[in-house]
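The lines below spell out each chain.
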Amino acid sequence: MIAVNWHTCFFFLLALVACASAVAVVVTGDIVRMACWLVTALAAVAGLFFLAGADFLGAVQLMVYVGGTMVLLVFGVMLTSRGPFVSMKTGGGQWIMALVVGGALLTILLQAALSVPEWSAPERSQAEAAVPPTATPLGMGLMGIRVDQPEQPNRLLRRGMSGYLLAFEIISVHLVVVLVGAAYLARAKRRIEPERLQLHDLKTSES
Amino acid sequence: MTELLTYFLGPIWPAYTIAALVQCALLLVVALCSAAVFIWLERKVSARIQDRLGPTRVGGRFGWLQPPADGLKLLCKEDIIPAAADRPLFRVAPYVSFCATFCLFLALPFANGWVALQLNAGAFFLLAVAGLEVFGVILGGYASGSKWSLYGAMREAAQVVSYEIPLGLCVVIPVLITGSMDLVEIGNRQAGWFYHWYIFHDPFMFCTFWIYATCAVASTNRAPFDLPEAESELVAGFLTEYSGFRWVIFFMAEYAAMFVVSGLGSVLFLGGWNGPIPVASLVGLSGDPSTVAGWLGNLLGLANFIFKAVFGVTCMIWLRWTLPRLRIDQVMTTCLKYCVPLASIMLAGAMLWTFLFSGGVGR
Amino acid sequence: MMSDRPASEIVDFDVHTDEMLINMGPQHPSTHGVLRVALRTDGEVVTEVTPHIGYLHRSAEKIGENLTPRQFLPYTDRLDYLAGMNMNLGWALCVEKLLGQRVSEKTRHLRIIITELSRIASHLVAAGCYGLDLGSFTPFMWTFREREKILNLFEEVCGARLTYSYITVGGVTADLPSGWLGRCEAFLDQFEPVIDDLHALLTNNAIFIHRTAGIGVLEPAMAIDYGCTGPVLRGSGVDWDLRRDGEPIFTDMYEGYTWRVIASTGGQYPQDHPYPPVPPEAVLGDSWHRYFVRMLEVVQSMYLIRQAMEKYSRAGGVVDGPAQVKAKLPKGEAYLETEAPKGQMGFMIISDGTPVPWRVRIRSSSFCNLSVLPELCRGVLVADVPSIVGSLDLVLGEIDR
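Here the structure is a predicted model, which is why all the values come from computation and not from measurement. (Residues numbered from 1 in each chain as written. Chains lettered and ligands numbered in written order. Predicted model: local features only at pLDDT ≥ 70, side-chain atom pairs only at ≥ 80, totals over all residues. Heavy atoms only, no water.)

Caption draft 1: Broad picture of the overall build of chain A. Check the secondary structure of chain A and you find ten helices and one strand. The helix and strand sequence of chain A, counted from the amino end, reads α-α-α-α-α-α-α-α-α-β-α. Sequence-distant contacts, at least 24 apart, represent 42% of the contacts inside chain A between residues at least 6 apart. Here chain A displays about 15,300 Å² of accessible surface, and carbon together with sulfur accounts for 72% of that area. (Helix = DSSP H or I, 4+ residues; strand = E, 2+ residues; numbered from the N terminus. Contact = heavy atoms within 4.5 Å. Areas by Shrake-Rupley, 256 points an atom, 1.4 Å probe, with all protein chains shown as cover.)

Caption draft 2: Inspection of the environment of Phe-250 of chain C at higher detail. Mapped onto the secondary structure, Phe-250 of chain C falls in helix 11 (residues 248–251). The sequence separation of Phe-250 of chain C and Glu-339 of chain C amounts to 89 residues, and the corresponding C-alpha distance is 8.8 Å.

Caption draft 3: Seen up close, the nonpolar core. Within the largest apolar cluster, 129 residues are counted, with the highest numbers of intra-cluster contacts made by Ile-138 and Tyr-212 of chain B. Among the elements that line this core, the one with the most residues is helix 11 (residues 245–269) of chain B, at 16 residues. (Core = buried A, V, L, I, M, F, W, Y, C linked by side-chain atoms within 4.5 Å. Buried < 20%, exposed > 50% of the residue type's maximum accessible area, 1.4 Å probe, protein only.)

Caption draft 4: Up close: the sheet that holds strand 8 (residues 343–351) of chain C. Residues and elements named next belong to chain C. With antiparallel pairing, three strands are arranged side by side in an open sheet as 7-8-9. Every interior strand has two partners, whereas the edge strands, strand 7 (332–340) and strand 9 (359–363), have only one. Across this sheet, the average inter-strand angle for adjacent strands is 10°, counted without regard to direction. Of the strand pairs in this sheet, strand 8 and strand 9 are connected by five bridges, and their pairing is antiparallel. Within strand 9, the residue paired with Phe-347 across the bridge is Ile-362. (Pairing = 2+ DSSP bridges. Axes fitted to C-alpha atoms, helices over the stretch in contact; angles between N-to-C directions.)

Caption draft 5: Fine view of the interface of chain C and chain B. With 29 residues of chain C at the contact, the number on the chain B side is 23 residues. Summing the contributions of chain C and of chain B, the shared interface buries around 2,400 Å²; its carbon and sulfur component is 60%. Taken together, the connections running from chain C to chain B amount to two salt bridges. The salt bridge partner of Asp-384 of chain C is Arg-327 of chain B, with a shortest N-O separation of 2.7 Å. Taken together, the links from chain C to chain B amount to eight residue pairs in polar contact (both at pLDDT 80 or more). The residue makeup of the side of chain C that touches chain B, split by class, is 16 nonpolar, eight polar and five charged. (Buried area = accessible area lost by both parts, 1.4 Å probe. Salt bridge = Lys/Arg side-chain N within 4 Å of Asp/Glu carboxyl O. Polar contact = N/O pair within 3.5 Å; in protein donor to acceptor, adjacent residues only side chain to side chain. Nonpolar A, V, L, I, M, F, W, Y, C, P; charged D, E, K, R; others polar.)

Caption draft 6: Local environment of the layout of surface pockets. Estimates place the volume of the second largest pocket at around 2,200 Å³. Contributing to the lining of the second largest pocket are 48 residues, with Phe-10, Leu-14 and Gly-47 of chain A together with Cys-103 and Leu-106 of chain B lying nearest its centre. Going through the elements one at a time, helix 1 (6–27), helix 2 (31–51) and helix 3 (55–80) of chain A together with helix 2 (13–49), helix 4 (87–106), helix 5 (122–130) and helix 6 (133–143) of chain B are the ones with two or more residues in the lining of the second largest pocket. Sort the elements by how many residues they give to the lining of the second largest pocket and helix 2 of chain A lands first, with eleven residues. Split into classes, the residues belonging to the lining of the second largest pocket amount to 39 nonpolar, seven polar and two charged. (1 Å grid on protein atoms, 1.4 Å probe; cavity = no way out; pocket = protein on both sides within 12 Å on 5 of 7 lines; lining within 4 Å. Points joined across faces, edges and corners; volume = space filled by probe spheres on them.)

Written as C-alpha cells, this is what we have:
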C-alpha cells in the first residue's frame, strides 16, 4: 500500500530523525546538547517540508527556526550558564506528570489530524493541481487572491479570504515592540540607595 | 542528467539513484576543488602582494601540488582533543559547518539550467542556509572547553548573524527587479551585452553591489572583518583547539562559502553566466540547453560564471592582505550604523526607480 | 555633632559579567619579545593592566663589572637588538666621556651615517610589526625587505647583521669598504618611494586610523612624569630630542647638520618635506601620533645620512680605530644619555681605577616607556591593548637587560 520509493524512504528517515531528536531533547541531561538535539529536530522538519514540495516554507523554517531562534537559544544557554556543561536532572514525579500531559496532547493531536478527511486521502483538487508549487501563490494569497481556490461557493468564507498582509504587518510591528521592550528591560540598571542610618550616628545622638 | 539516464536505463529507481549520486559527487568535487584552488591562489596572491613568490617548489615552478601536500600533512597530524572538551560536539562541529556550506552549492546555478536544485525560492534558500554555518562555529567554540574559543565563537556568531540583515536586504533588491527569487531566472534576465547586467541597471543597484560585497566579506569572516580569527589577540579564536583534519574541514567550509558568496554576487549583480559580449548568441550557440548548440553555449556560460566567482574570491584575498583588521565594536558599528541604513535606502531607491522608469517590477 | 553621612550609593543590580584575568604573553604572536601583560577585564573593557617583565634578564649590568669596556661592547648589542649600532654608540660615547677622548671629524661623520641607518632599521621594524599587530600583514613584509638591504650594508661594514659591536670606544672597528657609500646612496634613493607606499597602506588608511587614532592618549605632563622619551614623548607634542638638547659630547656629533626635530609644535609638524596630513580623528599623544613621529623621523634620518655621506667624503684625516684601553680606567664616573631610536638610552660607568668598572648601569628607554602602559590602557577594549603596546615600540632586551 505504501509505495516503496525514495520519497517514502526519505520520509521515514526524516520523520525518525525528527522524533528521535525530540525524544533526545527531553532525555538528555546536558543543556547544550539539548539545544543541539532541538536543532536537529527542527532541521529534520525543514527536510520534511522540502520533501513535501514546499521549498519556500522549508527555507523559512531553516531561516527562522534553525538560523534565528536556535542561535538565540544557544547564545542564551552558553552565555548565562554558570559553568561549562551544565546538567539538568528531572525527578521521577516530573517524568510521570510530563508523560500524562504529553500523552494527552499527543492523543488529541492524532485524533484531530486523523479525523480530517482531506488529509488522509491526499487527492489534490483540480485548482490546486493547476497551480505550480512556487512562492507566487503564497505572495498572491498575502494580497488576498487565493489562486488555489478560485471559486469558493460559500460567501462567508470568501469574505474571510482577504489578504494576510495586514495581519503580517501587525505581527511584525508587535515583534519589534517586543524586541525593544526586551532590550529596555535588559539594560544596565542603576538605583540610588537611600542613605542608611549608621551606628555611630545613633551613638553620637545619645552622648 | 536524470533525463539522460532514464533514456538509457528506463524510468527505474537505479537511474534516479545514480543520477542523484553523480550530481552529488559533482558538487562535492566542485566544493573540494574550489577549496584546493583557493588555498593555492591565496598563497600565491598574498606572496605577490608581499613582494615574494609563494610556493615554487612543490609540483613544478608554480607550486601546483602545494594544496594536496598541505592536505596530506594535515591528515597525518596527531588528532588532539583537549581534556576539557565535550567530545561528541567537538567532533561534530566542523562537519556541521561544512554540511551547511555544501548545501549552498545545491541551489547555486552554474549556467542556464545547470543547477542541482532549481528552487523557486533559490535566493531565499541560499540566505537561509548561509546562516546555518554559524552553528558549527558556535559548537566548535563551546565544545573546545576553553574560554578563548568560546569568546571567539560568540564574536563570530554575532558578526555573521548581524551581517545577515544587510546581506538579505541587498539580495532582495535584484529579486525585486526580476520579480522572482529563482536564481536561474535572475541570471537569464541579464542576458545580452554587459549593460543588461543588474549592476548597470540603475545607480541604486550599483551602490547595492558594493554594500553586498562588504556584507559578503563580513559574513565569511575574512579580513578586514576577521577579528574572531585574529592571531595577535585571541590566538585563533574558536579554531584554537582544532588541528589537523578538523581544521581542514573548517577551512574548506570557509573557502567554499567564499566561492558561493562570490558566485551569488555574480549571479545577482554581474550577469552570472552571461559574458560582457554575448559571444554564444553571436556565434549561434544560444538556445535551449537541451540542444547540442545550446549545451555548448552553456559551457561558455559556465566558464564565465567560474571566472567571475574566482575573480570575486581573488578580490577578497586581495583585501585580506592589504587592510588591517577592524575591532569588534567597529565591525558591529559598520553593520548596524552604515550597512543596514544604506541597504534600506538602496531598497527604497531601487523600488522607486523601477516604478518610475522601468514600468514596474518584473519587466 | 553629627559626623558626615556616607554619600548615596549608586548600585548596579543587573546581570553583571564576571571580571576576568587574562594573560597576554609571554609567548606573544606580536614580536615584542617576552612580555607578559596581565589584563583584568570586565567583558570587553580592560580595567587594569600589569606588565610582567624579567623573562629576558641576563645580568648584563653585573657582567659589566667583570669585563673591560671594550669586552663589554658585544653585550650592548644585545640590549636593543633591533638597533645595535645605537647601543654601541651610547656605550662608546659614555666611556669616551670618562676617558676624556674625542674622535676625529671623519669618525664623527661615519658614526652618524651608521647610527642613523640603524635608526631607520629600528623604525622599520616598529612600523612593520605595528601593522602586523593590527592585522595588516603586507607592510611587515615590505619593511623587512628594506631592513634586509640595510642589514646587508651593515654586514659589508662589520660582518654582522644583528650584533655588530662596530662603534667601539675611540672610534670604529674598521673603515668603510670601498664602494659602500655608493651602495648606501643607491639604497636611500630606492627607499624614498617605499615610504610613500607605507603611508598609503598604514598612515592614511581609514581602518588603521580607526584602530589607532584617539587610542592610548598620553598627556605631555604624564609622559614627562613617567620618564618617557623618544617618539613616545615627541608624539605627545613635547619638543625634546637629545641630538639637539643633550650633552655636548653627544650633540657635538651633530654639529653642522641641518635637520628638524619631529614633534608637533603649535599643532603642526615640521613642514620641510611633503609629509602626509594629520587626520582629524588623531589626538595629539595617541598611538597614531607616536607611529607618525617614527615615520617622519625616518625621513629626517635620511637627510642626516646624505649630509653625513657628503661630509665624510670631504673630510680629511683618517677614521679612528678602537682605543687601547688595556690600562686602568681613570677613577670617576660618567653618565651619558643618547637618543636611541626607542628613546633616551643612558649608560653609566663608575670606575675605581681598575681596568674593569666598579659599576655599569644602563638606563633603558623602553623600561620607562613601558611603565606608562597601565595608565594608557585604563578603560580601553581588549583589542586596543596590542595597538597601544605596539605604539610604544618596546624591545624586551633593553627592558630586562
